[in-house]
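Topology and contacts: notes
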Amino acid sequence: MKLLMMTRRVDLDDPRAGFSYRWITEFARHCETVVVLCLVAGTTTGLPANCRVIAVRPDGVKRRARDFFRLQRLAMQEIRSCDAVFTHQNPEYGIALAPWCILYRKKIMAWYVHGAVTWKLNLLAKLVSTIITASKDSCRIDSTKVVVLQHGIDTELFSLKSEQPHQHRLVTIGRVSPTKRIRHMIEMVTLLRDSGMNDISLMIVGGAATAADKHYQAELEALVSRHNLASQVTFAGAISHPQTVPFYQMADLMLNFSSTGSIDKAVLEAMSCGTPVLTTNEAFRDMAHTFPIPQFDSNNSPRELAGHAARILEKTDRAFELSLREYVVTHHSLPILIQKILALYGA
């Protein structure tokens, strides 16, 4: 099958979009060719020989009119010669490509994982044949076109960590933003330290993307200073997607306090490494309680969360770590997801 895919960015080194590089590689294992339209391309070296990446903004500069007409010209050229079209995450990509798919009678499917239901998502549902998502909470539009599959985690990259003495090393990985509720994590570390857990530490891995996020990080750094946590809390900054692996593997507990309501792949990446998670995300409520040590907590109180974190750190053993990885390998591995997607095309 000749597949045309569209995503925002193809860049192995990008902290937020690096995972799409792995998706492309996996598609290429099963397809004759994979052509990827993206807004911006960064590091693409190492992609299989049957992949071709085309950037709508070759200079990386956003110009709406130019971008629109260049995308339409590329879509006309590439959709005519492909067998199927797959758009990744942003509804506007499916909306932009759908007319050409209708004209050339090519099946178009879209991946969407987000709790928001917008007019763009509603329009997308009218134009594509299928919207693929990771869980029932990850695409909340009422449509028969929604197909729930799973998430796609590269379990080869996010490999099981070696057996190591359990300490009190916490990590959170993702963009520094108020939606991540990192303030709660810092307050939680303060409570754990004051309770006698003197070796507690928190590594915050991720960058601040917007001016508002940078202001938020400055507030967090001031909070760390006020609580005298300079030796316990570290801001590691933004790193590439593959570089997150050792941070997951060295941690004894991964924190995820966002409340998006959709499955966050960072939680599954941690579990793939055998690292326990404490999350407040409702999307993980059912899954978290399938394990002998519950990893979900609906509390918004740092004190309650600190108590839950202490229980996880105390009870975790090697058998629990292995069960976390087994769950991701069985239910959310990238190779299985890609095969399921291609099966929907009839490939």
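To be clear, the structure that these remarks concern was listed above.
Summary of the structure given here.

This next bit is on the overall build of the chain. If you tally the helices and strands in the chain, you get 12 helices and 12 strands. Relative to its length of 347 residues, the chain is compact, with a C-alpha radius of gyration of 21 Å against a globular reference of 20 Å. Judged by the C-alpha coordinates and their principal axes, the chain covers about 65 × 40 × 40 Å. Here the chain holds 347 residues, and 54% of them are scored as buried. By sequence separation, contacts in the chain at least 24 residues apart represent 65% of the contacts at least 6 residues apart. Working note: accessible area of the chain is about 14,900 Å², and carbon and sulfur atoms make up 52% of it. A gap of 9 Å separates the mean positions of the 40 positive and 32 negative side-chain charges of the chain.

Attention shifts here to unusual backbone geometry. If a residue is not glycine, its phi is most likely negative; likewise, a peptide bond is most likely trans. In this structure, arginine 181 is a non-glycine residue whose phi angle is positive, near 55°. With phi around 55°, asparagine 228 is a residue other than glycine that occupies positive phi space. Inspection of the secondary structure assignment puts asparagine 228 in the loop between α6 (211-226) and β10 (233-237). The exposure class of asparagine 228 is exposed, given its relative accessible area of 60%.

Relative to each other, helix α8 (residues 265-272) and helix α11 (residues 318-331) sit at 125°, their axes nearing to 7 Å. Taken together, the axes of α8 and α11 lie oblique to each other. Residues Leu268, Met271 and Ser272 of α8 touch α11, and the partners they reach there are Leu324, Arg325, Tyr327 and Val328.

Quick look at the nonpolar core now. Counting residues in hydrophobic clusters, the biggest one holds 56 residues, and the most contacted among them are Leu170, Ile186, Met188, Leu202, Leu255 and Met271. With six residues, the top contributor of residues to this core is helix α5 (residues 182-194). Counting residues in each nonpolar core, the second largest holds 31 residues, with Val40, Leu71, Leu74 and Val146 among its members.

Conventions and cut-offs
- Residues numbered from 1 in each chain as written.
- Predicted model: local features only at pLDDT ≥ 70, side-chain atom pairs only at ≥ 80, totals over all residues.
- Heavy atoms only, no water.
- Helix = DSSP H or I, 4+ residues; strand = E, 2+ residues; numbered from the N terminus.
- Rg over C-alpha atoms; globule rule 2.2 N^0.38 Å.
- Buried < 20%, exposed > 50% of the residue type's maximum accessible area, 1.4 Å probe, protein only.
- Contact = heavy atoms within 4.5 Å.
- Areas by Shrake-Rupley, 256 points an atom, 1.4 Å probe, with all protein chains shown as cover.
- Lys, Arg positive; Asp, Glu negative; His and termini not counted.
- Charge placed at Lys NZ, Arg CZ, Asp CG, Glu CD.
- Axes fitted to C-alpha atoms, helices over the stretch in contact; angles between N-to-C directions.
- Parallel < 35°, antiparallel > 145°, perpendicular 65-115°, else oblique.
- Core = buried A, V, L, I, M, F, W, Y, C linked by side-chain atoms within 4.5 Å.

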